[in-house]
Amino acid sequence: MITDTLGAVRAVLIDALELSQSPDELQSDTALFGALPELDSFGVVALVGALEDRFDITIDDDEFGAEMFETVGTLTQFVDSKLV
């Protein structure tokens, strides 16, 4: 099942990192950090800013680490937790 958040996170990933993948290629278990060359330190900053804008959330520096960017699913779960 694809949640609204998952679909939106996939769209933000593609836009912020200028990925060539289609949204359907980014599944919950798709690896991110270490697997996508676009997700370097600059990519993380761009992605966090895009997520904050898209979801109207604030992500504090101490909230994000490698585990948050492990997979599309872990990133989606984090965003969901911020939307509660």
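Since the structure is predicted, the reported quantities are computational estimates derived from the model, not experimental observations.

Parameters and conventions
Residues numbered from 1 in each chain as written. Predicted model: local features only at pLDDT ≥ 70, side-chain atom pairs only at ≥ 80, totals over all residues. Heavy atoms only, no water. Core = buried A, V, L, I, M, F, W, Y, C linked by side-chain atoms within 4.5 Å. Buried < 20%, exposed > 50% of the residue type's maximum accessible area, 1.4 Å probe, protein only. Helix = DSSP H or I, 4+ residues; strand = E, 2+ residues; numbered from the N terminus. Contact = heavy atoms within 4.5 Å. Expected span 1.5 Å × (residues − 1).

Turning next to the nonpolar core. The biggest cluster of nonpolar side chains holds 25 residues, and the ones touching the most others in it are L13, L39, L47, L51, F69 and L75. Within the residue set of this core, elements represented by two or more residues are α1 (4-17), α2 (41-55) and α3 (72-83). The leading source of residues in this core is α1, at seven residues. Discounting residues that sit within four places of it in the chain, L75 has contacts with V9, L13, L32, L47, L51, M68 and F69.

As a further point, take α1. End to end, α1 covers 20 Å across 14 residues, agreeing with the expected 20 Å (1.5 Å per residue, within 8%). By the burial criterion, the buried members of α1 are T5, L6, A8, V9, R10, V12, L13, I14 and L17. Summarising the contacts, the buried residues of α1 are in contact with α2 and α3. E18 lies just past α1 and shows a positive phi near 55°.

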